[in-house]
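Now for the letters of each chain:
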Amino acid sequence: MEFNIFIDGCLVIGILILACLCLATKSLFTAIVLFVSLGLLIAIAWVRLNAPDLAIAEAAIGAGLTGAFLLATWRRLRVAPANNDANAPKKSGGDNVQNS
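The paragraphs below set out a description of the structure included in this document.

### Here's the deal with the packing of aromatic side chains
Under the counting rule described, the total for this entry stands at one aromatic pair. Geometrically, the ring pair formed by Phe-29 and Trp-74 is tilted, given 4.8 Å between the ring centres and 40 degrees between the ring planes. Placement of the pair is Phe-29 in helix H2 (residues 28-48) and Trp-74 in helix H3 (residues 52-79), with a sequence separation of 45 residues. Classification of Phe-29 as partly exposed rests on a relative accessible area of 37%. Among the residues examined, Trp-74 registers a relative accessible area of 24% and is labelled partly exposed.

Shown next as structure tokens:
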């Protein structure tokens, strides 16, 4: 009995810590990894609550599919060229005039 309470307490503390770290981190990749880990930990919590159907859905959608979409988006953000106007050469007047 006490072992089950200990496991459930560790699970709750782990979920809260991962959620806070996911929100507090400055690195986008780290936040994605923490989010996927959080989804897997929540899936374990659903198993402990005797809801295996929700655990499967959480693992498949929450951790798997959403994590894959977030990683694909992160990759696109890293590949996309940055619009950095600070390094662009300065133009003299008439910027709005198009040459035909």
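Here the narrative resumes, following the displayed structure.
### Details of unusual backbone geometry
The residue Asn-50 is not glycine, and still its phi comes out positive at about 60 degrees. Mapped onto the elements, Asn-50 comes out in the loop between H2 and H3. Judged by its relative accessible area of 70%, Asn-50 falls in the exposed class.

### Here we look at the pattern of salt bridges
Per the counting criterion, the structure on display carries one salt bridge. A salt bridge links Arg-48 to Asp-8; its shortest N-O distance comes to 2.9 Å. Of this pair, Arg-48 sits in helix H2 while Asp-8 sits in helix H1 (residues 2-24); the two residues are 40 residues apart in sequence, bridging distant segments of the chain. Overall, Arg-48 belongs to the partly exposed group, its relative accessible area being 34%. Among the residues examined, Asp-8 registers a relative accessible area of 33% and is labelled partly exposed.

So, how was this worked out
Residues numbered from 1 in each chain as written. Predicted model: local features only at pLDDT ≥ 70, side-chain atom pairs only at ≥ 80, totals over all residues. Heavy atoms only, no water. Phe/Tyr/Trp six-rings, centres within 6.5 Å; stacked < 30°, edge-to-face > 60°. Helix = DSSP H or I, 4+ residues; strand = E, 2+ residues; numbered from the N terminus. Buried < 20%, exposed > 50% of the residue type's maximum accessible area, 1.4 Å probe, protein only. Salt bridge = Lys/Arg side-chain N within 4 Å of Asp/Glu carboxyl O.

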